[in-house]
Amino acid sequence: METVSSIREFHNVLNGELVPASFRRKIDSINPANGKVWARVPGSTAEDAENAVAAAKQAFPKWARYSAMERAAFLRQIGDLIAQHGEELAMLETNDCGWVIRETSYGLIPTLTSIWYDAAGAASVASRGETIQLSPTSFGYTLREPLGVVVGILPWNAPLFTFTIKAAYALAAGNAVIIKPSEFASVSSLRYGELLNTILPPGIVNVVSGDREVGEALVSHREVNRVTLTGSGNTAKAIVRSTAQAPKPLTFELGGKSPNIVFADANLEKAVEGVTTNGIFTGNAGQICVGGSRILIQRPIFEEMISLMKEKMKEDLRLGDPLDPSTTMGPIANEVQYNKVRNFIEIGIHEGGTILTGGRSGEEALSEKDARFSNGYWVEPTLIQVQRNSLRICQEEIFGPVATVMSFDTEEEALEIANDTSFGLGAGVWTTNLACAQRMIKNLQSGNVWVNTYRRVGPELPFGGVKESGFGRDSILENTQEKTCVIEEG
């Protein structure tokens, strides 16, 4: 492991202040593009978790008493602030997890600001109830109340986006928030929390970085009222075990093994982009929970589609300096995941898969030789043709720029293959036949289905999965609890 000459130090954000971890523990943050230490973040402990919960609990009552309009005003200010600091945040995110600057700068930052503005507009929804006349002399009504202290557990592939989704709507509903970023990518979240605390009252948003110890302490804490996770199934199971003695609402957005299905009547020009550069070979190297990692192509167009996909990948995919706006794909976010992805490529070959394009890793995967990035975690965009959906590379989430390709004959066969997975987060359908599209939407076992597009998300629509891809949604109402009141005339 190499280090750079100037190492940046970041701190937890607790009760509005920047605080080092107890015992001064630190974790090295590795830039995945070059394998060098570029920053250090707190290695927090259970003691730091206790302090975060205490700060949030103390700040919550006053924040909850604010009107929806007052909370909305804070959130709009945050939206403005994020736009002002967009360049800084985009660069931190790129250095932290390898997501290319052309996407963090021009796509991510505007998305974050729009989410804060949307949450501001939704704040009033969290304070609405219903009134029901029960009899001539009595009526009932419901109240929406904030839950209290909400903990958000972040993944390492998209820290700022998931931070925003988990914090913005929880705050709009009147809750106090604690964010625990991944130990592999905490820098951008710590700085984000610092910026938010220039606007919000102290203790309303706290950010605590560290490993499993601090995460377990937070989710199992009896004063924590809700836990929301974007991460792996194993982490979700650990949270369920940790909260068994102090049950609380849980929201899990977990992994996926999403099918991207191309019918013979599809617009192939759109479909090619939808299954390659927009579906799985993304700016963050396919490290996206809803990545279309199983490409299913109807047999009459199979060879033509494969040829078009290879051409598209050759023309549009460039691996190199993530801070160069011309780079379209970055590295794998950390060494552990890098080794996992490379191992899966070997598994695919051993299982009988045929590499159609890609397969290289390390310096060989770079589009151009560059000594600065020779030690980075690079994996070449890889297509593997398979004959059976039962292979491990078809069933297990790889979470990288690796996709399997398989042919099918009928709509029924496509559905059978698509649903033959324990996951159910996303699915894509490419067809000009509206009746076929409607049948696929109805029968695909997935929380999200896109037709003639892919990965279209926004605050206007809920996002989440079924089966082992999780449950619940990071929406405004899931950050509230409903209270019923009945009044009889005296």
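Above this note sits the structure.
So, here is what we can say about the structure in this document. None of the values given here were measured: they were computed from a predicted structure.

1. With respect to the overall build of the chain
Okay, step 1: Check the secondary structure of the chain and you find 14 helices and 21 strands.
Okay, step 2: Scaling as 2.2 N^0.38, a compact globule of 490 residues should have a C-alpha radius of gyration of about 23 Å, and the chain matches this with 23 Å.
Okay, step 3: Across the 490 residues of the chain, 57% fall into the buried class.
Okay, step 4: Put simply, 75% of the contacts in the chain that link residues at least 6 apart link residues at least 24 apart.
Okay, step 5: When the accessible area of the chain is evaluated, it comes to approximately 20300 Å², of which 50% is carbon and sulfur surface.

2. Things to note about the pairing of strand β11 (residues 226–230)
Okay, step 1: Counting buried residues along β11, 5 of its 5 residues qualify, which places the element largely inside the surrounding structure.
Okay, step 2: Alternating residues of β11 divide into R226, T228 and T230 and V227 and L229, and every residue in both groups is buried.
Okay, step 3: Looking at chain direction, strand β8 (residues 149–153) and β11 are connected through 4 bridges and run parallel. Each bridged residue has a counterpart across the sheet, and for V150 the counterpart in β11 is R226.
Okay, step 4: Note that β11 and strand β12 (residues 250–253) share 4 bridges and pair parallel. In the sheet register, L229 faces β12, and the bridge partner there is F252.

3. Overview of empty space enclosed by the protein
Okay, step 1: Within this structure, the stated rule accounts for 2 cavities of 30 Å³ or more.
Okay, step 2: Size it by volume and the largest cavity reaches roughly 80 Å³.
Okay, step 3: Looking at the lining of the largest cavity, its residues break down into 6 nonpolar, 5 polar and 2 charged.
Okay, step 4: In this structure, the second largest cavity encloses a volume near 60 Å³.
Okay, step 5: Along the walls of the second largest cavity sit 14 residues, with P259, F423, G424, G426 and Q445 positioned nearest its centre.
Okay, step 6: Elements with a minimum of two residues in the lining of the second largest cavity: α13 (411–419) and β18 (426–430).
Okay, step 7: Within the lining of the second largest cavity, the residues separate by chemical class into 6 nonpolar, 7 polar and 1 charged.

4. Section: the pattern of salt bridges
Okay, step 1: Per the counting criterion, the structure on display carries 22 salt bridges.
Okay, step 2: For D316, the salt bridge identified is with K312, shortest N-O distance 2.8 Å. Residue D316 and its partner K312 are located together in helix α10 (residues 302–316), separated by 4 residues, close to a single helical turn.
Okay, step 3: D370 is paired through a salt bridge with R372; the nearest N and O atoms lie 2.8 Å apart.

5. Observations concerning the sheet that holds strand β13 (residues 259–262)
Okay, step 1: An order of β15-β16-β17-β14-β13-β18-β19 is seen for the 7 strands of this open sheet, with the pairing classed as mixed. With one partner strand each, in any of the chains shown, β15 (354–357) and β19 (448–451) form the two edges of the open sheet. Averaged over all pairs of adjacent strands, the angle between their axes in this sheet comes to 25°, without regard to strand direction.
Okay, step 2: Sitting on the sheet, α10 is in contact with β13, β14 (294–298), β15, β16 (382–385) and β17 (402–408), with an inclination near 135° to β14.

6. Focus: the pairing of β17
Okay, step 1: Taking burial as the measure, the 7 residues of β17 include 7 buried ones, the bulk of the element.
Okay, step 2: Both faces of β17 are covered, namely the face carrying V402, T404, M406 and F408 and the face carrying A403, V405 and S407.
Okay, step 3: In terms of strand pairing, β14 meets β17 through 5 bridges, oriented parallel. Pairing of R294 across the sheet is with T404, part of β17.
Okay, step 4: Bridge count for β16 against β17 is 4 bridges, and the pairing is parallel. For Q385, the partnering residue across the bridge sits in β17 and is V405.

7. Considerations on the packing of aromatic side chains
What characterises a pair of aromatic rings is the spacing of the ring centres plus the angle enclosed by the ring planes.
Okay, step 1: The full count for this structure, using the stated rule, is 11 aromatic pairs.
Okay, step 2: A centroid spacing of 4.7 Å and a plane angle of 80° characterise the contact between F163 and Y192, whose relative ring orientation is edge-to-face. On the criterion of sequence distance, the pair formed by F163 in helix α5 (residues 159–172) and Y192 in helix α6 (residues 187–196) is long-range, its members being 29 residues apart. Across the pair, Y192 and F163 agree in class, each one buried.

8. As for helix α7 (residues 212–219)
Okay, step 1: Among the residues making up α7, those that are buried are V214, G215, A217, L218 and V219.
Okay, step 2: Buried residues along α7 sit in contact with α1 (46–65), β8, β9 (176–180), β11 and α8 (233–242).

9. Considerations on unusual backbone geometry
Okay, step 1: If you check the backbone angles, R24 has positive phi at about 60° while not being a glycine.
Okay, step 2: By secondary structure assignment, the location of R24 is in the loop between β3 (17–19) and β4 (26–31).
Okay, step 3: With relative accessibility at 61%, the residue R24 sits in the exposed group.
Okay, step 4: With a phi close to 60°, F399 is a non-glycine residue in the positive phi region.

10. Considerations on the environment of G129
Okay, step 1: Within the secondary structure layout, G129 lies in the loop between α4 (101–122) and β6 (131–135).
Okay, step 2: In this structure the C-alpha to C-alpha distance between G129 and Y141, which are 12 residues apart in sequence, comes to 6.8 Å.

11. Quick notes on the environment of A56
Okay, step 1: Take A56: it is sitting in helix α1.
Okay, step 2: What makes A56 buried here is its relative accessible area of 0%.
Okay, step 3: In this view, A56 contacts V149, A176, I178, G203 and N206; residues no more than four positions away in its chain are not counted.

12. With respect to the side chain of T243
Okay, step 1: Structurally, the position occupied by T243 is in the loop between α8 and β12.
Okay, step 2: You can call T243 buried: its relative accessible area is 6%.
Okay, step 3: Non-local contacts of T243, meaning those with residues more than four positions away in its chain, are made with V219, K248 and L250.

13. Details of a nonpolar patch on the surface
Okay, step 1: Among the surface-exposed residues, I132, L134 and V486 lie close enough to one another that they form a single nonpolar patch of about 290 Å² accessible area.
Okay, step 2: Mapped onto the elements of the fold, L134 is located in strand β6.

Reading the values: rules and limits
- Residues numbered from 1 in each chain as written.
- Predicted model: local features only at pLDDT ≥ 70, side-chain atom pairs only at ≥ 80, totals over all residues.
- Heavy atoms only, no water.
- Helix = DSSP H or I, 4+ residues; strand = E, 2+ residues; numbered from the N terminus.
- Rg over C-alpha atoms; globule rule 2.2 N^0.38 Å.
- Buried < 20%, exposed > 50% of the residue type's maximum accessible area, 1.4 Å probe, protein only.
- Contact = heavy atoms within 4.5 Å.
- Areas by Shrake-Rupley, 256 points an atom, 1.4 Å probe, with all protein chains shown as cover.
- Pairing = 2+ DSSP bridges.
- 1 Å grid on protein atoms, 1.4 Å probe; cavity = no way out; pocket = protein on both sides within 12 Å on 5 of 7 lines; lining within 4 Å.
- Points joined across faces, edges and corners; volume = space filled by probe spheres on them.
- Nonpolar A, V, L, I, M, F, W, Y, C, P; charged D, E, K, R; others polar.
- Salt bridge = Lys/Arg side-chain N within 4 Å of Asp/Glu carboxyl O.
- Axes fitted to C-alpha atoms, helices over the stretch in contact; angles between N-to-C directions.
- Phe/Tyr/Trp six-rings, centres within 6.5 Å; stacked < 30°, edge-to-face > 60°.
- Patch = residues over 30% accessible without salt bridge, like charges linked within 9 Å, V, L, I, M, F, W, Y side chains within 5 Å.

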